[in-house]
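Residues per chain are reported as follows:
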Amino acid sequence: MGAPRPGRVLVAEGELTARVAELGRAIARDYARENPVLVGVLQGAVPFVADLMRALPIDLTVDFIRASSYGAGTSSSGTVRLVADLAVDIADRHVLIVDDIVDTGLTLGALKRMLEARRPRSVRTCVLLDKAGRRETDVTIDYLGFTIPNVFVVGYGLDYDGLYRNLPYVAALDAI
Ligand code: 5GP
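Let me sum up the structure you'll find in this document. All values derive from a computational prediction rather than experimental measurement.

Notes on helix H3 (residues 106–116)
Then, number 1: For H3, every residue scored as buried is listed here: Leu-108, Gly-109, Ala-110, Leu-111, Lys-112 and Leu-115.
Then, number 2: Those residues of H3 that are buried are in contact with strand E2 (37–42), strand E3 (61–67), strand E4 (82–84), strand E5 (94–102) and strand E6 (122–131).

What about the sheet that holds strand E9 (residues 170–173)?
Then, number 1: Taken in spatial order, the 3 strands make up an open sheet running E1-E9-E8, and their pairing is antiparallel. Unpaired on one side and paired on the other, strand E1 (6–11) and strand E8 (153–154) mark the two borders of the sheet.
Then, number 2: Two elements, E8 and E9, share 2 bridges in a ladder whose sense is antiparallel. Residue Val-154 lies in a different strand from E9, and its bridge partner there is Ala-171.

A look at the environment of Arg-165
Then, number 1: Tracing the sequence through the fold places Arg-165 in the loop between E8 and E9.
Then, number 2: Separated by 120 residues in the primary sequence, Arg-165 and Ala-45 place their C-alpha atoms 9.8 Å from one another.

A few points about the nonpolar core
Then, number 1: Judged by nonpolar contacts, the single largest core of 29 residues is most densely connected at Ile-27, Cys-126 and Leu-129.
Then, number 2: The set of elements that each furnish at least two residues to this core consists of E1, helix H1 (13–30), helix H2 (46–54), E5, E6 and strand E7 (143–148).
Then, number 3: Sorting elements by how many residues they give to this core places H1 first, with 6 residues.
Then, number 4: When neighbours within four sequence positions are excluded, Leu-129 is seen to be in contact with Val-11, Asp-100, Ile-101, Val-102, Leu-144, Phe-146, Ile-148, Val-153, Leu-158 and Val-170.
Then, number 5: Leu-86, Val-95, Leu-111 and Val-139 belong to the second-largest nonpolar core, a separate cluster that totals 17 residues.

Overview of the packing of aromatic side chains
Then, number 1: Taken as a whole and assessed by the stated rule, the structure comprises 1 aromatic pair.
Then, number 2: Geometrically, the ring pair formed by Phe-152 and Tyr-160 is edge-to-face, given 6.4 Å between the ring centres and 85° between the ring planes.
Then, number 3: You can call Tyr-160 buried: its relative accessible area is 15%.

Focus: the pattern of salt bridges
Then, number 1: A complete count under the given rule lists 7 salt bridges for this structure.
Then, number 2: Asp-103 is paired through a salt bridge with Arg-134; the nearest N and O atoms lie 2.6 Å apart. Taken together, the positions of Asp-103 in the loop between E5 and H3 and Arg-134 in the loop between E6 and E7 put the pair 31 residues apart, joining distant regions of the chain.
Then, number 3: Residue classification places Asp-103 among the buried residues on the basis of a relative accessible area of 11%.
Then, number 4: Residue Arg-134 is classed as partly exposed on the basis of its relative accessible area, which comes to 28%.
Then, number 5: Across the pair Lys-112 and Glu-116 runs a salt bridge whose closest N-O atoms are separated by 4.0 Å. Residue Lys-112 and its partner Glu-116 are located together in helix H3, separated by 4 residues, close to a single helical turn.
Then, number 6: Given a relative accessible area of 16%, Lys-112 falls into the buried group.

Rules used throughout
- Residues numbered from 1 in each chain as written.
- Predicted model: local features only at pLDDT ≥ 70, side-chain atom pairs only at ≥ 80, totals over all residues.
- Heavy atoms only, no water.
- Buried < 20%, exposed > 50% of the residue type's maximum accessible area, 1.4 Å probe, protein only.
- Helix = DSSP H or I, 4+ residues; strand = E, 2+ residues; numbered from the N terminus.
- Contact = heavy atoms within 4.5 Å.
- Pairing = 2+ DSSP bridges.
- Core = buried A, V, L, I, M, F, W, Y, C linked by side-chain atoms within 4.5 Å.
- Phe/Tyr/Trp six-rings, centres within 6.5 Å; stacked < 30°, edge-to-face > 60°.
- Salt bridge = Lys/Arg side-chain N within 4 Å of Asp/Glu carboxyl O.

Next up, the structure:
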(Lines give C-alpha, C1' and ligand atoms only; values in the text may rest on other atoms or scores of the structure.)
Protein backbone atom coordinates (compact mmCIF):
# COMPACT_ATOMS: atom_id res chain seq x y z
CA MET A 1 0.00 0.00 0.00
CA GLY A 2 1.71 3.17 -1.23
CA ALA A 3 1.00 6.83 -0.53
CA PRO A 4 -1.44 8.49 -2.93
CA ARG A 5 0.28 10.03 -5.94
CA PRO A 6 -0.59 12.90 -8.28
CA GLY A 7 -2.64 11.56 -11.19
CA ARG A 8 -4.65 13.28 -13.91
CA VAL A 9 -3.58 16.87 -14.62
CA LEU A 10 -6.53 19.22 -14.16
CA VAL A 11 -4.80 22.54 -14.83
CA ALA A 12 -1.62 22.46 -16.90
CA GLU A 13 1.32 24.78 -16.37
CA GLY A 14 0.56 26.83 -19.49
CA GLU A 15 -3.06 27.31 -18.45
CA LEU A 16 -1.92 28.57 -15.04
CA THR A 17 0.47 31.04 -16.63
CA ALA A 18 -2.16 32.38 -19.02
CA ARG A 19 -4.87 32.71 -16.38
CA VAL A 20 -2.57 34.40 -13.85
CA ALA A 21 -1.67 36.96 -16.53
CA GLU A 22 -5.39 37.62 -17.15
CA LEU A 23 -6.11 37.96 -13.43
CA GLY A 24 -3.15 40.30 -13.16
CA ARG A 25 -4.55 42.55 -15.87
CA ALA A 26 -7.98 42.71 -14.20
CA ILE A 27 -6.56 43.35 -10.73
CA ALA A 28 -4.05 45.91 -11.98
CA ARG A 29 -6.89 47.78 -13.68
CA ASP A 30 -9.09 47.74 -10.55
CA TYR A 31 -6.32 48.65 -8.09
CA ALA A 32 -4.20 50.95 -10.26
CA ARG A 33 -3.99 53.80 -7.74
CA GLU A 34 -4.99 51.95 -4.56
CA ASN A 35 -1.65 50.57 -3.33
CA PRO A 36 -3.34 47.36 -2.13
CA VAL A 37 -2.09 44.83 0.39
CA LEU A 38 -2.00 41.35 -1.12
CA VAL A 39 -2.58 38.93 1.73
CA GLY A 40 -1.36 35.49 0.74
CA VAL A 41 -2.67 32.54 2.70
CA LEU A 42 0.20 30.25 3.70
CA GLN A 43 1.31 27.79 2.61
CA GLY A 44 -0.80 26.85 -0.36
CA ALA A 45 -1.01 30.26 -2.02
CA VAL A 46 2.76 30.84 -2.21
CA PRO A 47 3.31 29.97 -5.91
CA PHE A 48 0.10 31.78 -6.88
CA VAL A 49 1.08 34.93 -4.96
CA ALA A 50 4.61 34.81 -6.38
CA ASP A 51 3.29 34.62 -9.95
CA LEU A 52 0.37 37.02 -9.46
CA MET A 53 2.43 39.79 -7.85
CA ARG A 54 4.80 39.74 -10.80
CA ALA A 55 1.81 40.11 -13.12
CA LEU A 56 0.81 43.33 -11.30
CA PRO A 57 2.71 46.38 -12.55
CA ILE A 58 1.28 48.59 -9.78
CA ASP A 59 2.38 49.73 -6.33
CA LEU A 60 1.43 47.11 -3.76
CA THR A 61 2.44 45.49 -0.47
CA VAL A 62 2.62 41.72 0.03
CA ASP A 63 2.16 39.97 3.34
CA PHE A 64 1.09 36.54 4.50
CA ILE A 65 -1.29 35.01 6.98
CA ARG A 66 -1.52 31.41 8.09
CA ALA A 67 -4.64 29.57 9.13
CA SER A 68 -4.85 26.07 10.53
CA SER A 69 -5.07 23.47 7.77
CA TYR A 70 -6.40 19.97 7.23
CA GLY A 71 -3.13 18.31 8.26
CA ALA A 72 -2.87 14.91 6.59
CA GLY A 73 -6.61 14.63 6.03
CA THR A 74 -8.57 15.56 2.97
CA SER A 75 -11.74 17.11 4.39
CA SER A 76 -12.54 20.31 6.27
CA SER A 77 -12.72 20.28 10.04
CA GLY A 78 -14.90 23.36 9.96
CA THR A 79 -12.75 25.20 12.49
CA VAL A 80 -10.32 27.91 11.47
CA ARG A 81 -7.46 29.06 13.65
CA LEU A 82 -4.98 31.84 12.89
CA VAL A 83 -1.49 30.46 13.46
CA ALA A 84 0.54 33.33 11.95
CA ASP A 85 -0.59 36.92 11.60
CA LEU A 86 0.25 39.76 9.23
CA ALA A 87 3.16 42.07 9.91
CA VAL A 88 1.50 45.07 8.22
CA ASP A 89 -1.31 47.19 9.57
CA ILE A 90 -4.21 46.97 7.14
CA ALA A 91 -6.32 49.73 8.69
CA ASP A 92 -7.41 52.09 5.91
CA ARG A 93 -5.81 49.90 3.22
CA HIS A 94 -7.36 48.03 0.32
CA VAL A 95 -6.85 44.33 1.02
CA LEU A 96 -6.87 41.52 -1.53
CA ILE A 97 -6.81 38.04 0.05
CA VAL A 98 -5.04 35.60 -2.28
CA ASP A 99 -5.87 31.95 -1.61
CA ASP A 100 -5.25 28.67 -3.35
CA ILE A 101 -8.60 26.90 -3.21
CA VAL A 102 -12.10 27.30 -1.86
CA ASP A 103 -14.04 24.19 -0.94
CA THR A 104 -16.67 24.72 1.77
CA GLY A 105 -15.66 28.40 1.98
CA LEU A 106 -15.28 28.21 5.76
CA THR A 107 -11.58 29.10 5.76
CA LEU A 108 -11.83 32.06 3.39
CA GLY A 109 -15.02 33.32 5.04
CA ALA A 110 -13.40 33.27 8.48
CA LEU A 111 -10.24 34.96 7.23
CA LYS A 112 -12.23 37.66 5.50
CA ARG A 113 -14.20 38.43 8.66
CA MET A 114 -11.00 38.54 10.74
CA LEU A 115 -9.42 41.04 8.36
CA GLU A 116 -12.58 43.12 8.02
CA ALA A 117 -12.57 43.62 11.78
CA ARG A 118 -9.32 45.60 11.40
CA ARG A 119 -11.07 48.44 9.56
CA PRO A 120 -9.49 48.18 6.13
CA ARG A 121 -10.94 50.31 3.32
CA SER A 122 -11.97 47.17 1.46
CA VAL A 123 -11.43 43.42 1.46
CA ARG A 124 -11.75 41.39 -1.72
CA THR A 125 -10.72 37.86 -2.60
CA CYS A 126 -8.67 36.27 -5.36
CA VAL A 127 -8.80 32.48 -5.48
CA LEU A 128 -7.06 30.15 -7.90
CA LEU A 129 -9.41 27.15 -7.67
CA ASP A 130 -13.08 26.87 -6.81
CA LYS A 131 -14.71 23.50 -6.12
CA ALA A 132 -18.12 23.92 -7.66
CA GLY A 133 -21.12 23.01 -5.58
CA ARG A 134 -19.25 22.48 -2.32
CA ARG A 135 -19.95 25.80 -0.60
CA GLU A 136 -21.35 25.67 2.93
CA THR A 137 -21.09 29.38 3.58
CA ASP A 138 -21.56 32.44 1.43
CA VAL A 139 -18.22 33.95 0.48
CA THR A 140 -17.68 36.03 -2.61
CA ILE A 141 -14.75 35.23 -4.87
CA ASP A 142 -13.99 38.50 -6.64
CA TYR A 143 -11.25 37.12 -8.90
CA LEU A 144 -11.30 33.43 -9.76
CA GLY A 145 -8.78 31.33 -11.66
CA PHE A 146 -10.57 28.05 -12.40
CA THR A 147 -13.61 26.09 -11.36
CA ILE A 148 -12.71 22.43 -10.79
CA PRO A 149 -14.71 19.30 -10.00
CA ASN A 150 -15.00 17.95 -6.47
CA VAL A 151 -11.77 15.98 -6.31
CA PHE A 152 -8.79 16.40 -3.98
CA VAL A 153 -6.05 18.21 -5.89
CA VAL A 154 -2.33 18.77 -5.37
CA GLY A 155 0.37 20.85 -7.00
CA TYR A 156 1.08 24.57 -7.55
CA GLY A 157 1.13 25.09 -3.78
CA LEU A 158 -1.44 22.49 -2.79
CA ASP A 159 -0.21 19.55 -0.75
CA TYR A 160 -1.11 16.13 0.45
CA ASP A 161 0.54 15.59 3.83
CA GLY A 162 3.23 18.14 2.99
CA LEU A 163 4.01 16.68 -0.43
CA TYR A 164 3.54 17.85 -4.03
CA ARG A 165 3.38 21.64 -3.44
CA ASN A 166 6.28 21.99 -5.86
CA LEU A 167 4.50 20.56 -8.90
CA PRO A 168 4.13 23.29 -11.57
CA TYR A 169 0.58 22.10 -12.44
CA VAL A 170 -2.58 21.08 -10.59
CA ALA A 171 -3.39 17.36 -10.56
CA ALA A 172 -5.97 15.11 -8.97
CA LEU A 173 -4.64 12.91 -6.18
CA ASP A 174 -4.95 9.27 -7.15
CA ALA A 175 -6.96 7.14 -4.76
CA ILE A 176 -5.00 5.20 -2.18
P1 5GP B 1 -12.58 25.22 2.91
O2 5GP B 1 -12.50 25.91 4.23
O3 5GP B 1 -13.04 26.11 1.80
O4 5GP B 1 -13.42 23.96 2.99
O5 5GP B 1 -11.15 24.68 2.56
C6 5GP B 1 -10.15 25.53 2.16
C7 5GP B 1 -8.79 24.95 2.45
O8 5GP B 1 -8.84 23.53 2.44
C9 5GP B 1 -7.81 25.33 1.38
O10 5GP B 1 -7.16 26.56 1.67
C11 5GP B 1 -6.86 24.15 1.39
O12 5GP B 1 -5.89 24.32 2.38
C13 5GP B 1 -7.74 22.99 1.77
N14 5GP B 1 -8.25 22.25 0.61
C15 5GP B 1 -9.53 22.21 0.14
N16 5GP B 1 -9.62 21.43 -0.93
C17 5GP B 1 -8.37 20.97 -1.16
C18 5GP B 1 -7.81 20.10 -2.17
O19 5GP B 1 -8.46 19.59 -3.09
N20 5GP B 1 -6.47 19.88 -2.08
C21 5GP B 1 -5.68 20.41 -1.11
N22 5GP B 1 -4.39 20.11 -1.13
N23 5GP B 1 -6.18 21.23 -0.15
C24 5GP B 1 -7.51 21.49 -0.19
